[in-house]
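# Descriptive analysis of the structure
Listed below, chain by chain, are the residues.
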Amino acid sequence: MMTSTEAPLRVLNIVGARPNFMKIAPLMRVFSDPGSGIEPRLLHTGQHYDAAMKAAFFDQLGIPEPDVDLGVGSASHARQTAAIMERFEPELAAWRPDVVLVVGDVNSTIACALVAVKRGVPVVHVEAGLRSYDRAMPEEINRVLTDQIADLLFTTERDALANLEREGIDPARVHFVGNVMIDTLRANLERARPPAETLTAHGLPPRILEGAQGHGLLTLHRPANVDDPEVLVRLMETLAGVAARVPLIFPVHPRTRERIRAAGIESLLQGRGLYATPPLGYLELLGLMRGARLVLTDSGGLQEETTALGVPCVTLRENTERPVTVSEGTNTVVGSDPAAILAAVDEILAGRGKGGRIPELWDGHAAERIRDCLVRHYRP
Ligand code: UD1
């Protein structure tokens, strides 16, 4: 901890998109504690801006209003990344932080990291070292590049260190601290919204939850799954087959909503076991996830959250950058093959889903470990 003569460490924390919000919440909380040795600021790039994609998370998770909102909005990768970089640079120059902290793997992560490092401001990356080894994923590019230019790298699982060493990163800069997203999950479990309330709020009958198999939760938004109409139609037809076995609640990401409309398959979302809602807030999703018989998803975050909750997860991707959720947790990576998806679902519904244990250091205290490490490193 700092002494009274030392200036606090000025940490500029960056968020941009929905999955960043649950990672920054516990960090802002511990950084804001008097005596933390840190003076935090929060900058939102504006990559996600809708009430459902942003405000619901800030409100529910008690994240302070950002000190700065760059307001970039949606665009192609190049335009979005460039707009963030251009608007971020003067803000960085104006506040002159000691370090810039970025989380996760979205475009805001790499855009702000790149600006900071070129202005000589050390970059701290939270959730470093995850690799899918699939360079067709925009997030994989963002992860690899951010880790290359980061000064301190905080990892969520032990496998991450080997990935980083393979890319020539000095292990002395890498610290295994656990998972800040699971800090948020544990802190909010008691506040999770009961599933029946969430359904009612969206005009769906709570009796959906009362069948013998309970309910499943579905999320889908990866470009690889939703951008090609042929892939999307095949996947949605398979998921309709799943929904015939167990009712599926499906909060639809705006990207996916648009692709479903363009592919002309909106009728699949009307009843017959598949129940669409708008994107949900954190506490609503947590309640639906915790109470679910199974989760089908292509999200990175849900793979980890289901492992922490002990709920079986069927991952609709060919790979995962979060292998601990498979080796220790409840996750099965099945890809997009219809037969493989249905077989995995049938196993779970027959009561043969994976058990699992909570991975090391997913204990609700990752943010404190990051705070201690930052102060030790930059204010020795
Ligand atoms: C981004 C992240 C992805 C993350 C996902 C979670 C990158 C490269 N991708 O993907 O890693 O898993 O967020 O949501 O950073 N839109 C809205 N309202 C919003 C935001 C977006 O309607 O508040 C719509 C826009 O039409 C936009 C589309 O969603 O074009 C996609 O948004 P974008 O941020 O580009 O990518 P995501 O697919 O959300």
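If you're wondering where the values come from, they're calculated on a predicted model, not measured in any experiment.

Parameters and conventions
- The written sequence of each chain sets the order in which its residues are numbered from 1.
- Owing to the predicted nature of the model, reporting of local features is limited to residues with pLDDT of at least 70; listing and counting of side-chain atom pairs is limited to 80 or more, with chain, interface and lining totals taken over all residues.
- As a rule here, side-chain values come from all non-hydrogen atoms in the structure, and water together with hydrogens is ignored.
- Three exposure classes are used, based on accessible area relative to the maximum for each residue type with a 1.4 Å probe and protein chains only: buried under 20%, partly exposed in between, and exposed over 50%.
- Secondary structure counts use DSSP, requiring at least four H or I residues in a row for a helix and at least two E residues in a row for a strand, with both numbered from the N terminus.
- Working note: the arc is built from the helix axis to C-beta atom directions.
- Here, residues are in contact when the closest pair of their heavy atoms is within 4.5 Å.
- For a crossover, the right-handed case is the one in which the path from the first strand over the helix to the second runs clockwise, viewed with the strands pointing away from the viewer.
- Should DSSP find at least two bridges between two strands, the strands are taken to pair.
- These domain boundaries are the output of an automatic or database domain assignment.
- The buried area of a pairing is the accessible area, by a 1.4 Å probe, that goes missing from both parts when the two are put together, added over both.
- Salt bridge, as used here: a side-chain nitrogen of Lys or Arg that lies within 4 Å of a carboxyl oxygen of Asp or Glu.
- Axis geometry follows a simple rule: fit a line to the C-alpha atoms, using only the stretch in contact for helices, then measure angles between N-to-C directions, giving values from 0 to 180 degrees.
- What makes a residue near a molecule or strand is one non-hydrogen atom of that residue sitting within 4 Å of it.
- In protein, a polar contact means a hydrogen-donor-capable atom and an acceptor-capable atom, both N or O and within 3.5 Å, with residues adjacent in sequence counting only if both atoms are side-chain atoms; elsewhere, any N or O pair within 3.5 Å suffices.
- Computed with a 1.4 Å probe, the accessible areas rest on the Shrake-Rupley method; for each residue, only the protein chains presented here act as cover.
- Basically, the charged four are Asp, Glu, Lys and Arg, the nonpolar ten are Ala, Val, Leu, Ile, Met, Phe, Trp, Tyr, Cys and Pro, and anything else, Gly included, counts as polar.
- Here the term cavity refers to a set of points on a 1 Å grid, laid over the protein atoms alone, in which a 1.4 Å probe fits but cannot get out; the term pocket refers to an open set having protein on both sides within 12 Å along at least five of seven lines, with lining residues being those that place an atom within 4 Å of a point.
- Grid points are joined across faces, edges and corners, and a volume is the space filled by probe spheres set on the points.
- Convention used here: angles under 35 degrees read as roughly parallel, angles over 145 as roughly antiparallel, angles from 65 to 115 as roughly perpendicular, and any remaining angle as oblique.
- Crossings are sorted by hand: turned counterclockwise from the far helix by less than a right angle, the near helix makes the crossing left-handed, and turned clockwise it makes it right-handed.
- Only buried Ala, Val, Leu, Ile, Met, Phe, Trp, Tyr and Cys residues count toward a nonpolar core, and they belong to the same one when joined by side-chain atoms within 4.5 Å.

### Some words on helix α15 (residues 338-352)
Buried within α15 we find Ile 341, Ala 344, Val 345, Ile 348 and Leu 349. The arc that holds the buried residues of α15, viewed along the axis, is 130°, so those residues lie on one side. Along α15, exposed side chains directed more than 90 degrees from the buried face belong to Ala 339, Gly 351 and Arg 352. The inward-facing, buried residues of α15 abut α10 (229-243), β12 (294-297) and β13 (313-315).

### Focus on the pairing of strand β1 (residues 9-15)
Burial of β1 is extensive: 6 of the 7 residues sit out of reach of the surface. The parallel pair β1 and strand β2 (residues 38-44), bridged by helix α1 (residues 18-32), forms a crossover whose chirality is right-handed. Direction of pairing for β1 relative to strand β4 (residues 99-103): parallel, over a ladder of 3 bridges. Note on β4: the bridge partner recorded for Val 11 is Val 99.

### What about the domain arrangement of the protein chain?
Domains assigned within the protein chain are domain 1 (9-178 + 362-378) and domain 2 (191-349). Roughly 1,800 Å² of surface becomes buried between domain 1 and domain 2 when both sides are summed, with 56% attributable to carbon and sulfur atoms. Of all residues in domain 1, Gln 60, Glu 157 and Trp 362 bury the most surface against domain 2, accounting for 33% of the area lost on that side. Taken together, the connections running from domain 1 to domain 2 amount to 4 salt bridges.

### A few points about the sheet that holds strand β5 (residues 123-126)
Overall, parallel pairing links the 7 strands, which are arranged β3-β2-β1-β4-β5-β6-β7 in an open sheet. For this open sheet the edge positions go to β3 (68-69) and β7 (174-176), each flanked by a neighbour on one side alone. In the packing of helix α3 (residues 77-95) onto the sheet, the strands contacted are β1, β2, β3 and β4, and the crossing angle to β1 comes to about 160°.

### So, the site of the ligand
If you check the shell around the ligand, you find 17 residues, and the closest are Gln 47, His 48, Glu 139, His 221 and Arg 255. With respect to the ligand, the side chain of His 221 contributes an N or O atom lying 2.8 Å from an oxygen atom. Residue His 253 places a side-chain N or O atom 3.0 Å away from an oxygen atom belonging to the ligand. In isolation the ligand has 740 Å² of accessible area, and contact with the protein removes 84% of it. Of all the secondary-structure elements, those providing two or more residues to the shell around the ligand are α1 and α11 (254-263). Here the shell around the ligand is composed, by residue class, of 5 nonpolar, 7 polar and 5 charged. If you count residues domain by domain, the shell around the ligand takes at least three from each of domain 1 (9-178 + 362-378) and domain 2 (191-349).

### A look at the layout of surface pockets
The rolling of a water-molecule-sized probe over the atoms marks out the regions of remaining empty space. What the second largest pocket holds in volume is close to 230 Å³. Around the second largest pocket sit 15 residues that line it, and Asp 134, Met 137, Ala 224, Asn 225 and Arg 317 are the ones nearest its centre. Listing elements by their share of the lining of the second largest pocket, those giving two or more residues are α5 (138-149) and α9 (223-226). For the lining of the second largest pocket, the leading source of residues is α9, giving 3 residues. Considered class by class, the residues forming the lining of the second largest pocket number 6 nonpolar, 4 polar and 5 charged. Among the domains, domain 1 (9-178 + 362-378) and domain 2 (191-349) are the pair contributing at least three residues each to the lining of the second largest pocket.

### Description of the packing of helix α4 (residues 107-118) against α5
At their nearest, the axes of α4 and α5 sit 9 Å apart, and the two run at 25° to each other. Considering their axes alone, α4 and α5 lie roughly parallel with respect to each other. The two elements α4 and α5 meet at a crossing, and its hand is left-handed. Across from Asn 107, Thr 109, Ile 110, Ala 113, Leu 114 and Val 117 in α4, the residues of α5 making contact are Asn 142, Leu 145, Thr 146 and Ile 149. Grouping the amino acids of the contact of α4 with α5 by side-chain chemistry returns 6 nonpolar, 4 polar and no charged.

### What about the nonpolar core?
Nonpolar side chains tend toward joint burial in soluble globular proteins. Core analysis: the largest hydrophobic core is formed by 59 residues, its most contacted members being Ile 24, Leu 27, Phe 31, Leu 101, Phe 154, Ile 370 and Leu 374. When residues in this core are grouped by element, the largest group, 8 residues, is from α1. Taken domain by domain, the makeup of this core includes at least three residues from each of domain 1 (9-178 + 362-378) and domain 2 (191-349). Residues in contact with Leu 27, not counting those within four places in the same chain, are Leu 101, Val 103, Val 126, Val 180, Ala 367 and Ile 370. Formed by 28 residues, the second largest nonpolar core is a distinct cluster that contains Val 226, Ala 243, Leu 268 and Val 345.

### Some words on the pattern of salt bridges
Throughout the structure, instances matching the rule amount to 26 salt bridges. A salt bridge links Arg 255 to Asp 227; its shortest N-O distance comes to 3.1 Å. In this pair, Arg 255 sits in helix α11 while Asp 227 sits in the loop between α9 and α10, placing the two residues 28 residues apart along the sequence. Its relative accessible area of 30% is what places Asp 227 among the partly exposed residues. Shared partners join several salt bridges into a network, and the residues in it are Lys 23, Asp 105, Glu 127, Glu 140, Arg 143, Glu 304, Arg 317, Glu 321 and Arg 322.

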